[in-house]
Amino acid sequence: MTYDFDRVIDRRGRNSAKWDRRFIGEGENALLPFWVADTDFETLPEVKQALSDCVEHGIFGYTLPPEGCPAAAARWQQVRHGFHVEEEWISFLAGIDCAIATAVQALTQPGEAVLINTPIYTPFFEMAERCGRQVIESPMRLINGRYEFDFDDFAQKAKQAKLFLLCNPHNPTARCLTREELEKLGAICEENDLLILCDEIHADIVFDGHRHIPLASLSPELARRTITCTSPSKTFSVAGLVASVIIIPDPEIRRRFIEVKERNSINTGILGLVAMEAAYLHGDAYADQVCRYLQANRDFAVDFFRKNIPGITPIVPEATFLLWLDCSGLGLPREKLEGFFTSAGLRLSGGSAYREPTGQFARLNFGCARATLEQGLTRIEAAAKARLG
Ligand SMILES: Cc1ncc(COP(=O)(O)O)c(C=O)c1O
């Protein structure tokens, strides 16, 4: 089956956070949204069918995860990422944000330190800080248009931390980490006896020339200290169903994690798990095609910025549908950057939210129909040219 990602679907008035009028306004002056990280694509028919069957039955009492769900999630890891996962290693949680908070509470004490690489997806530091943990940042460095780890800095800071929160593929820089990078990070964590949470929610969307490698698949030693978090939400446009997969090979870490999960009574709704099972069983062709479509969107956007938009340099994504933009060439003070995009008629995510220190970056979500993307880029072009001439 061929999926049509070019189709523009109106999401307004449909409880979409990205398209909600409280964030983008309404009428002729509504902003075009390129912020929250979900795609505007319809999910696959098998997911819709599984959900309709559930809704049609009409009884929504207490549930258990579908029996086939762990096997479907394990199949996906094996087939798509070459990661062998035992079903007993898997638990299901609401979103991955929830898994981050749970891991922080299960594996560290108040006042202990959590290590992250900035700029980073906001909940990495927000969840840790809300739980009363110290956050240590090891910033990534932008070298020749690509974000790199500063391994010396990371090794120094690892000495003071208990838990490392890794994001791979990385939001917002859209890096897909190489085997060598993962091995270096893993070795430093082993030397310092750090536990690791690896957020691999973007793992299915990786572009030509790159391959996602689950950290825990590198060695049994790394698997023993790693919690891998993943989810069908980005790949199959089911983020609103709030269900994620948490893979914990080590029985003692799993016990501690589940204890906190149960203490806080965190469960997923049945619809999220029904959708997950269907997506992981039937979603291979969809995932292949959405990746190809997004890669073409990425190429279109990068080319458009380079040819037509002065003052903004795109950081070419290796994975994800997130385009990290270096806007320093616009010559705007940091507090004016978001206003620049708003005046141009778009909503992007401001880079400061990810603890990017210069305030000169923004993130553009290109998980939309090409026509919507082109419309947005044309608005940015007009505003940049009006500013820079
Ligand atoms: C890296 C990363 N982790 C987690 C999430 C959120 O995951 P969930 O919706 O499962 O809480 C996002 C959403 O943008 C993300 O980019």
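Conventions adopted
- Residues numbered from 1 in each chain as written.
- Predicted model: local features only at pLDDT ≥ 70, side-chain atom pairs only at ≥ 80, totals over all residues.
- Helix = DSSP H or I, 4+ residues; strand = E, 2+ residues; numbered from the N terminus.
- Rg over C-alpha atoms; globule rule 2.2 N^0.38 Å.
- Contact = placed C-beta atoms within 7 Å.
- Near = placed C-beta within 6 Å.
- Nonpolar A, V, L, I, M, F, W, Y, C, P; charged D, E, K, R; others polar.
- Expected span 1.5 Å × (residues − 1).
- Buried ≥ 20, exposed ≤ 12 C-beta atoms within 10 Å, placed from the backbone.
- Pairing = 2+ DSSP bridges.
- Domains from an automatic or database assignment.
- Axes fitted to C-alpha atoms, helices over the stretch in contact; angles between N-to-C directions.
- Left-handed = near helix turned anticlockwise from the far one by under 90°.
- Core = buried A, V, L, I, M, F, W, Y, C linked by C-beta atoms within 7 Å.

1. As for the overall build of the chain
Right, so step 1: Broken down by element type, the chain carries 13 helices and 15 strands.
Right, so step 2: For a compact globule of 389 residues, the expected C-alpha radius of gyration is about 21 Å, and the chain comes in at 21 Å, within 12% of that figure.
Right, so step 3: Considered along the principal axes of its C-alpha atoms, the chain spans approximately 60 × 55 × 35 Å.
Right, so step 4: Look at the contacts in the chain between residues 6 or more apart in sequence, and 73% of them connect residues 24 or more apart.

2. Considerations on the site of the ligand
Right, so step 1: Taken together, 13 residues lie near the ligand, and Ala37, Gly95, Ile96, Asp97 and Asn171 sit nearest.
Right, so step 2: Among the residues forming the shell around the ligand, the class breakdown is six nonpolar, five polar and two charged.

3. Remarks on helix α10 (residues 270-282)
Right, so step 1: Taking 1.5 Å per residue as the helical rise, α10 with its 13 residues ought to reach 18 Å, and the 18 Å between its terminal C-alpha atoms agrees with that figure.
Right, so step 2: Within α10 the residues assigned to the buried category are Gly272, Leu273, Val274, Ala275, Met276, Glu277, Ala278, Ala279 and Tyr280.

4. A short note on the environment of Ala362
Right, so step 1: Looking at the element boundaries, Ala362 is found in strand β15 (residues 361-365).
Right, so step 2: Overall, Ala362 belongs to the buried group, with 27 C-beta atoms counted inside 10 Å.
Right, so step 3: With twelve residues separating them in the primary sequence, Ala362 and Gly350 have C-alpha atoms 4.6 Å apart.
Right, so step 4: Filtering out sequence-adjacent residues up to four positions away, Ala362 remains in contact with Leu325, Cys327, Leu337, Phe341, Leu348, Ser349, Gly350 and Gly351.

5. Some remarks on the sheet that holds strand β14 (residues 349-350)
Right, so step 1: Pairing within the open sheet is antiparallel, and its four strands lie in the order β11-β12-β15-β14. Across the chains shown, the open sheet's two edge strands, defined by having one partner strand only, are β11 (313-315) and β14.

6. Focus: the domain arrangement of the chain
By a widely used convention, the size of an interface equals the accessible area lost when the partners come together.
Right, so step 1: Partitioning the chain into structural domains gives domain 1 (21-44 + 285-388) and domain 2 (60-282).
Right, so step 2: Between domain 1 and domain 2, the residue contacts involve 28 residues of the former and 31 residues of the latter.
Right, so step 3: Those elements that place two or more of their residues in the side of domain 1 that touches domain 2 are α11 (284-308) and β12 (322-326).
Right, so step 4: Of all the elements, α11 adds the most residues to the side of domain 1 that touches domain 2, at seven residues.

7. Remarks on the packing of helix α4 (residues 96-107) against helix α9 (residues 251-263)
Right, so step 1: Two numbers describe how α4 lies on α9: the axes approach to 8 Å, and their chain directions differ by 115°. Taken as a pair, α4 and α9 cross one another with a handedness that is right-handed. Between α4 and α9, the residues in contact are Thr102, Ala103, Gln105, Ala106 and Leu107 and Arg256, Phe257, Glu259, Val260 and Lys261, respectively.
Right, so step 2: Tallied by class, residues from the contact of α4 with α9 come to five nonpolar, two polar and three charged.

8. A closer look at the nonpolar core
Right, so step 1: Among the nonpolar cores identified, the biggest contains 119 residues, and Ile100 and Leu163 are the most heavily contacted of them.
Right, so step 2: Element by element, the count of residues in this core is highest for α4, at nine residues.
Right, so step 3: Per-domain counts for this core show at least three residues from each of domain 1 (21-44 + 285-388) and domain 2 (60-282).
Right, so step 4: Beyond its immediate stretch of four places on either side in the chain, Leu163 contacts Val104, Leu107, Thr108, Val114, Leu194, Leu195 and Leu197.

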